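Letter by letter, the chains look like this.
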Amino acid sequence: MNVLSLASITLEELQNLMKSCALPTFRAKQILDWRNKGILELDAMKNVPNQVKEVLQEHTQVQALKLVSKQKSNDGTRKYLFALQRENQSLKHIETVLIPEQERGTVCISSQAGCVLDCPFCHTGTQKFEGNLTAAEIVAQVLAVKADLLADPMDEDLHSQVTHIVYMGMGEPLANEIEVFKSLDLLMAEDYLHLSRRRITLSTSGLVPQIERLGKDSPVNLAISLHTAINEKRNTLVPINQKHDLNSLRKSLNTYPLAKSRHITLEYVMLKGINDSQEDLDALIRFVNPERERVNLIRFNTYPGSDFQGSATNVTDNFAKSLISKGIRATVRRSRGDDIMAACGQLKTAKSGK
Ligand code: SF4
């Protein structure tokens, strides 16, 4: 029998557990009130009697993750290294990032330990793939960040709440479809974190059948790691393109359901001499559907051993200006947390072997 995790257990499951142990079912709600604040330590659940805590200890996995380390960037960004709490398995590690701003707190979560897709410019892609995370391990990252913000709030000028979630950490979320879809349901559930789908963004390198299923089941905000609009080039830069090329990606983007005034984000990391020429720009302009999509140009964050360099600032700015002049919404993403290797594409657990 699968052990239920306290990080992902539903009210109904917990009520059933209480009933089966001859305990009052109202205890389930008390426990979940703590859990939903991010508190998973049983000792901290003040209104829960010891008898109930013993049942939780015996019948659930209380902690899905263990915090190994936390780093703070000069700009307030925090990077967490967690160890997965799995029985009888070698220790696996993942990273999670909190990006605080004045008006929001965004948690960037991992969906896999490592990634199989090997995009050559991506630091995570250089890490040995160690497996898919469970839905509990995915949502537990959000709970852990909430708990950290309770214990260690941000300075006054930054938000100390989790308001937005992005699936942009380690791994390709749609390669772990079942657990990621379960985690989305949990994050949006009324008796869990109750986040609106408008506050959740899933970033994928372009697994077309899964994008279509996401659109039907949980149409959260969609971001695509595009990085080039030239098919042959994308076969190398984003190798999943060999299986799902730009034509099939285009079809899936055209039918992805969009909420009012929402857009699909096309992420484009600016790589010097690789995807930043006039030809690259022209192909990008031809590819984008300005009615439904916007472009997010990302400055490349280097990492030790990388063969790639970021484009010059004026080249990136010129890309943005040219896109805007064609009626395409385009922004240059401000890099956050690069001093602690927490910026986009930099995540790789220091504990990994590769
Ligand atoms: S860019 Fe995303 S899909 Fe590609 S290797 Fe990195 S984590 Fe995996």
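Residues numbered from 1 in each chain as written. Predicted model: local features only at pLDDT ≥ 70, side-chain atom pairs only at ≥ 80, totals over all residues. Heavy atoms only, no water.

**Description of helix α3 (residues 50-59)**
What α3 keeps buried is the set Val52, Lys53, Val55 and Leu56. All buried residues of α3 fall inside an arc of 155° around its axis, so they share one side. The exposed set on the far side of α3, more than 90 degrees from its buried face, consists of Asn50, Gln51, Glu54, Gln57 and Glu58. (Buried < 20%, exposed > 50% of the residue type's maximum accessible area, 1.4 Å probe, protein only. Helix = DSSP H or I, 4+ residues; strand = E, 2+ residues; numbered from the N terminus. Arc of directions from axis to C-beta.)

**Remarks on the packing of helix α1 (residues 11-20) against helix α2 (residues 26-37)**
In a packed pair of helices, the relevant descriptors are the angle between the two axes and the axis-to-axis distance. Contact geometry of α1 with α2 gives a least axis separation of 8 Å together with a crossing angle of 130°. Relative to α2, the element α1 is oriented oblique. In this structure, α1 meets α2 at a crossing whose hand is right-handed. Across the interface between the two elements, Leu11, Leu14, Gln15 and Met18 from α1 touch Arg27, Ala28, Lys29, Ile31 and Leu32 from α2. Each residue belonging to the contact of α1 with α2 can be placed in one class, and the counts come to six nonpolar, one polar and two charged. (Axes fitted to C-alpha atoms, helices over the stretch in contact; angles between N-to-C directions. Parallel < 35°, antiparallel > 145°, perpendicular 65-115°, else oblique. Left-handed = near helix turned anticlockwise from the far one by under 90°. Contact = heavy atoms within 4.5 Å. Nonpolar A, V, L, I, M, F, W, Y, C, P; charged D, E, K, R; others polar.)

**Let's talk about the packing of aromatic side chains**
For the coordinates displayed, the defined rule picks out four aromatic pairs. Relative to Phe82, the ring of Tyr80 has its centre 5.9 Å away and its plane inclined at 10°; by these criteria the two rings are stacked. Across the pair, Phe82 and Tyr80 agree in class, each one buried. Centre to centre, the rings of Phe300 and Phe308 are 6.5 Å apart; their planes meet at 65°, and the pair counts as edge-to-face. Take Phe300 and Phe308: they sit in the same class, and that class is buried. (Phe/Tyr/Trp six-rings, centres within 6.5 Å; stacked < 30°, edge-to-face > 60°.)

**A look at the sheet that holds strand β12 (residues 264-270)**
Read from one edge to the other, the open sheet built from ten strands follows the order β3-β4-β5-β6-β9-β10-β11-β12-β13-β14, with strand pairing classed as mixed. The sheet is open, and its two edges are formed by β3 (65-72) and β14 (329-333), each paired on a single side. Sheet twist, expressed as the mean angle between neighbouring strand axes with direction ignored, is 20°. Inspection of the sheet shows strand β11 (residues 221-225) paired to β12 by three bridges, in the parallel sense. What sits directly across from Ile224, in β12, is Leu266. (Pairing = 2+ DSSP bridges.)

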